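# Structural overview
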Amino acid sequence: MTDSYAVGVDLGGTTVRVALVDRTGRIHHEAAYDSHVERGPEPVIDDMARWVGEVIAAAGVPRERIVGIGIGSPGPLSPSRGIVHKAANLPDWINVPLTRAMHQRTGLRSIMDNDANLAAYGEFWAGAGRDVDNMVMLTLGTGIGAGVVIRGELLHGHFENAGELGHWIVVPNGRRCSCGQRGCLEVYASAGNVARRVAESIRDGEPSILSGLVQKGVPFGAREVVQAVQDGDPLASRLWDEACYYLAIACVNIQHAYNPTRIVMAGGMSKAGDVLTQLVQKHFELLAWNLYDDYPEIRIAVLGDDAGVIGAAGWAWKAEQEGRWAAEPAC
Ligand SMILES: [Zn+2]
């Protein structure tokens, strides 16, 4: 065994994914565990450290062949200090020194970043952006996560929370977002919110082929909405089109702010493929000014649920190559 690996950890509110990833972005071994975050941070970190050890052991890779651990976590957090300040879906995680805790428990150097940033970095490093230097990714799930990669670097900004494009205000005084602002992009264009708005409109009396599900109290998501769009349902089509319009506004703003080669769409809504990208592209062309010859290409992500662990490991590989591991343990 001569190959070396980085460990990618994707910490989520329901699942922790752990993978050994080689220097080309290929997953060698991976596992997923129930995170049980209701226990608070300490037991979850103990388990994460143990799971990392289990995955390394199961892969049969000697410890000296592990370069370190990259961790994607919900935030807000400080990547440079390795601290999770708080996280909406991780109860009692207040200023948790995560990289130091993982280093102390595993003996492996650790680095961390926002989970959406690292998913974007994963696609940049080993997926839909592997052939470009500048890429922005929007992950259209329950909310909208985003990551901005400029010349191969994740954009953090002075306060380390740049790139929260899901909370770009697109409708002044619009609908209330879970973040407390009004009119955020994610309220109009995330998978969760599109499905919720379809259900609300049905309850308000609009006809739809999804009415039966609402009457029976059966929850549905972006998948059912896309199917309804493809079946020609007027309500689903109208709200899907509206979501694509707001995503196109975001793409115009992304173009002006960051000028990436590529804008990548990931998450539940991206499974719609062309049904998403063609409509966003159509609105983009109507909205964008016409002074440029070149515009970013809008593409669907390719790594699926693996983007987070691959990106976390890729970030660890980058730390290894550039000698910038953060948060050495203070022991
Ligand atoms: Zn918001």
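This one's a predicted model, so the numbers in the text were calculated from it and none came from an experiment.

When you line up the elements, L77 lands in strand 5 (residues 77-78). What makes L77 buried here is the crowd of 26 C-beta atoms within 10 Å. The sequence separation of L77 and Q104 amounts to 27 residues, and the corresponding C-alpha distance is 19 Å. Every residue in contact with L77, bar those within four places of it in the chain, is listed here: I83, V84, H85, M112 and N114.

Now for the packing of helix 5 (residues 191-203) against helix 8 (residues 234-258). At a minimum axis separation of 10 Å, helix 5 and helix 8 run at an interaxial angle of 140 degrees. Between helix 5 and helix 8 the crossing geometry is right-handed. Side by side, helix 5 and helix 8 meet where V194, R197, V198 and S201 of the first sit next to L235, A236, L239, W240 and A243 of the second. For the contact of helix 5 with helix 8, a count of residues per class yields 7 nonpolar, 1 polar and 1 charged.

Time to look at the pairing of strand 10 (residues 144-150). Burial runs high along strand 10: 6 of the 7 residues are buried. Examined bridge by bridge, strand 9 (residues 135-140) and strand 10 share 6 bridges and lie antiparallel to one another. Directly across from V136, in strand 10, lies its bridge partner V148. The loop that links strand 9 with its antiparallel partner strand 10 comprises 3 residues. Summarising the sheet, strand 10 and strand 11 (residues 153-154) pair through 2 bridges and their orientation is antiparallel. Paired with V149 across the two strands is L154, which belongs to strand 11. Connecting strand 10 to the next strand, strand 11, in antiparallel fashion are 2 residues, including R151 with a positive phi near 50 degrees.

Over its 14 residues, helix 9 (residues 274-287) runs 19 Å from end to end, which matches the ideal 20 Å to within 8%, given 1.5 Å per residue. Here helix 9 has its buried residues at L276, T277, L279, V280 and F284. Residues of helix 9 that are buried make contact with helix 8, strand 12 (262-266) and strand 13 (297-300).

We now examine the sheet that holds strand 6 (residues 83-84). Read from one edge of the open sheet, 3 strands run 5-6-7, paired in antiparallel fashion. Of all strands in the sheet, those with a lone pairing partner are strand 5 and strand 7 (96-97), marking the two edges. Sheet topology places strand 6 next to strand 7; 2 bridges connect them, and they run antiparallel. Residue pairing across strands places I83 opposite P97, the latter belonging to strand 7.

It is worth spelling out the domain arrangement of the protein at this point. Under the domain assignment, the protein is made up of domain 1 (5-120 + 306-322) and domain 2 (131-302). Taken together, the contact pairs 11 residues of domain 1 with 13 residues of domain 2. Counting residues per element, the side of domain 1 that touches domain 2 draws most heavily on helix 3 (residues 115-126), at 5 residues. Taken together, the residues of the side of domain 1 that touches domain 2 sort by class into 6 nonpolar, 3 polar and 2 charged.

Note: most peptide bonds trans; most residues except glycine with negative phi. A cis amide bond, omega 10 degrees, links G75 with the succeeding residue P76. Its identity is not glycine, yet N173 carries a phi of approximately 55 degrees, on the positive side. By C-beta crowding, N173 is classed as exposed, having 8 other C-beta atoms within 10 Å.

Moving on, we get to the packing of helix 3 against helix 10 (residues 307-322). The interhelical angle for the contact between helix 3 and helix 10, taken along N-to-C directions, is 80 degrees, at an axis separation of 7 Å. The pairing of helix 3 with helix 10 is recorded here as roughly perpendicular in orientation. Between helix 3 and helix 10, the contacting residues are D115, L118, A119, A120, Y121, G122, E123, W125 and A126 on the first element and A307, G308, I310, G311, A312, G314 and W315 on the second. Counted by class, the contact of helix 3 with helix 10 contains 10 nonpolar, 4 polar and 2 charged residues.

Let us look at the sheet that holds strand 13. Judged by pairing direction, the sheet is mixed, and its 5 strands sit side by side in the order 11-10-9-12-13 without closing on themselves. Strands at the two margins of the open sheet, each flanked by one partner only, are strand 11 and strand 13. Relative to strand 10, helix 3 is tilted by about 55 degrees, and along the sheet it contacts strand 9, strand 10, strand 11 and strand 12.

Cut-offs applied
Residues numbered from 1 in each chain as written. Predicted model: local features only at pLDDT ≥ 70, side-chain atom pairs only at ≥ 80, totals over all residues. Helix = DSSP H or I, 4+ residues; strand = E, 2+ residues; numbered from the N terminus. Buried ≥ 20, exposed ≤ 12 C-beta atoms within 10 Å, placed from the backbone. Contact = placed C-beta atoms within 7 Å. Axes fitted to C-alpha atoms, helices over the stretch in contact; angles between N-to-C directions. Left-handed = near helix turned anticlockwise from the far one by under 90°. Nonpolar A, V, L, I, M, F, W, Y, C, P; charged D, E, K, R; others polar. Pairing = 2+ DSSP bridges. Expected span 1.5 Å × (residues − 1). Domains from an automatic or database assignment. Parallel < 35°, antiparallel > 145°, perpendicular 65-115°, else oblique.

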